[in-house]
Amino acid sequence: MRRASMAPGRSLQFRLAMGKRPQAPSPVATSAGVSRPEKAYFAVVGLSALWIGFWGYFLPAIQKSIPFPIPPLHARFLGAMYLSAAVMLFLGFRHDRWRHIAVVPVMTAVWTTGIFVVSMLHTGLFNFGRVTTWIWFIAYGVYPFGALWLTWVHRDEVFGSREASVLTAGVRAFFLAQGVLLTLLAAALFAVPRTMVDVWPWAITRELAQLYFAPFLSFGLGSLLLSRSPSWRALRTGAVTMTVFAWGVLIASALHRELFSGSERPDQLWFGLFAVASAFLLFVSTRSFRHA
């Protein structure tokens, strides 16, 4: 015979009679919802990233979206970055609770602010007679304010989660190590670009080295935040974003393998690290869907 379930009021009285305190509501239950204006921001910035990513990655010789001339491998490299950003922002658009996408405004703020700063430092790269250039500067002059505002408004969920993490120690360690490595790489690209030009696996300019700093810093700080994720679902958006980037770079590098030297250490590290990261990130992303 099935036992009748106890009514909520009687359940509380029973717990009090037995000397047990009623459990406080979980912090997860109080997570703020993603509003329509916030979703609209993600959609607008995401479409911009998709535009740059599509032309840069799939049609690198045409370069309709990147407002300065760069060779195809560079275009594909930037394209992989922007396609991953588009994925991140569209995932932010799809979710309804901030606890699942806490990493999105931080990564967006770092990325867009960094690109704007570097663009202002190297205005000589741009042809201001092109409409694309003005769209670039206006967009990167506006987008950071939205991302910084969202980071501030939702700072408790972005930085202040007190939930115990259910992630394995290996996953947390991977994102922590990746975060430290990418943050240091970003700092070097910005601070000592001439040195980085000499050790980069393919030929780049000082201006491009500093331009690359912004996405790498975004991925680095995002990885550090992901290492503190309380749940697999909270990890999912960032993990999928970085999976798209890692695989995009690995495939682009393979398509332009004639520009690499298999005998030089930077080239070996480039392919080796991206191969390991791509495989592990794909594993983590798949697991985040299975455990959600």
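Use the structure listed above.
Criteria and thresholds
Residues numbered from 1 in each chain as written. Predicted model: local features only at pLDDT ≥ 70, side-chain atom pairs only at ≥ 80, totals over all residues. Heavy atoms only, no water. Axes fitted to C-alpha atoms, helices over the stretch in contact; angles between N-to-C directions. Helix = DSSP H or I, 4+ residues; strand = E, 2+ residues; numbered from the N terminus. Parallel < 35°, antiparallel > 145°, perpendicular 65-115°, else oblique. Left-handed = near helix turned anticlockwise from the far one by under 90°. Contact = heavy atoms within 4.5 Å. Nonpolar A, V, L, I, M, F, W, Y, C, P; charged D, E, K, R; others polar. Phe/Tyr/Trp six-rings, centres within 6.5 Å; stacked < 30°, edge-to-face > 60°. Buried < 20%, exposed > 50% of the residue type's maximum accessible area, 1.4 Å probe, protein only. Lys NZ or Arg CZ within 6 Å of the ring centre and 35° of its normal. Polar contact = N/O pair within 3.5 Å; in protein donor to acceptor, adjacent residues only side chain to side chain. Core = buried A, V, L, I, M, F, W, Y, C linked by side-chain atoms within 4.5 Å. Expected span 1.5 Å × (residues − 1). Salt bridge = Lys/Arg side-chain N within 4 Å of Asp/Glu carboxyl O.

Caption draft 1: Here's a closer look at the packing of helix α2 (residues 36-58) against helix α5 (residues 131-153). As a packed pair, α2 and α5 sit with axes 11 Å apart at the nearest point and diverge in direction by 140°. Looking at the two axes, α2 sits oblique to α5. With respect to the hand of their crossing, α2 and α5 are arranged in left-handed fashion. Residues E38, Y41, F42, V44, V45, S48 and I52 of α2 touch α5, and the partners they reach there are W136, Y140, Y143, G146, A147 and L150. When grouped by side-chain class, the residues that make up the contact of α2 with α5 number 10 nonpolar, two polar and one charged.

Caption draft 2: How the structure looks around the packing of aromatic side chains. Under the criterion given, the structure shown has 37 aromatic pairs. A ring pair is formed by Y140 and Y143, whose centres lie 6.5 Å apart and whose planes are at 75°; its orientation type is edge-to-face. Residue Y140 and its partner Y143 are both found in helix α5; the two are separated by three residues, about one turn of the helix. For Y143, a relative accessible area of 13% gives the class buried. The ring of F93 has K39 sitting right over it, with the charged end atom 5.5 Å from the ring centre.

Caption draft 3: Seen up close, the side chain of T108. Within the secondary structure, T108 is located in helix α4 (residues 103-121). Of the residues examined, T108 reaches a relative accessible area of 4% and is grouped as buried. Reaching out from T108, the side chain makes a polar contact with the backbone oxygen of V104 at a distance of 2.7 Å. In this structure T108 touches Y41, V45, M88, L89 and A147, once residues within four positions along its chain are discounted.

Caption draft 4: Spotlight on the nonpolar core. Grouped together as the largest cluster of nonpolar side chains are 81 residues, with contacts concentrated most on F77, F175, W200, Y212 and F216. For this core, the secondary-structure elements that each account for two or more residues are α2, α3 (72-94), α4, α5, α7 (169-191), α9 (206-226), α10 (232-255) and α11 (265-291). Top contributing element to this core by residue count: α3, with 12 residues. If sequence neighbours within four positions are ignored, F175 has contacts with S223, L224, L226, S227, L235, A239, M242, L281 and V284.

Caption draft 5: Quick peek at α11. Under the 1.5 Å per step criterion, the end-to-end length of α11 is 38 Å for 27 residues, consistent within 8% with the ideal 39 Å. Those residues of α11 that sit buried are D267, W270, F274, A277, S278, L281, V284, S285, R287 and S288. Looking at the buried side of α11, the elements it contacts are α3, α7 and α10.

Caption draft 6: Spotlight on the environment of T133. Position of T133 relative to the elements: it lies in helix α5. Between the alpha carbons of T133 and P67 there is a distance of 5.3 Å; along the sequence they are 66 residues apart. Excluding residues that lie within four positions of it along the chain, T133 makes contacts with P67, F126, N127 and F128.

Caption draft 7: Region of interest: the environment of F93. Positionally, F93 belongs in helix α3. Between the C-alpha atom of F93 and that of Y41, which follows or precedes it by 52 residues, the distance is 8.5 Å.

Caption draft 8: The packing of α10 against α11, seen in detail. Contact pair α10 / α11: the axes reach a minimum separation of 8 Å and the direction vectors enclose 145°. In this structure, α10 meets α11 at a crossing whose hand is left-handed. Taken together, the residues of the contact of α10 with α11 sort by class into 20 nonpolar, six polar and two charged.

Caption draft 9: Examining the pattern of salt bridges more closely. Throughout the structure, instances matching the rule amount to two salt bridges. Where D96 meets K39, a salt bridge forms, and the shortest distance between an N and an O atom there is 3.3 Å. Here the residue D96 occupies a position in the loop between α3 and α4, and K39 occupies one in helix α2, the gap between them amounting to 57 residues. Given the relative accessible area of 49%, D96 is considered partly exposed. The partner of R206 in a salt bridge is E207, and the shortest N-O contact between them spans 3.9 Å. Under the relative-accessibility criterion, R206 is labelled partly exposed at 29%.

Caption draft 10: Region of interest: the environment of F159. Looking at the secondary structure, you find F159 in helix α6 (residues 155-159). Residue classification places F159 among the partly exposed residues on the basis of a relative accessible area of 42%. Between the C-alpha atoms of F159 and L225, which are 66 residues apart in sequence, the distance is 7.9 Å. Each residue touching F159, except ones within four places of it in the same chain, is listed here: V106, T151, L225 and R228.

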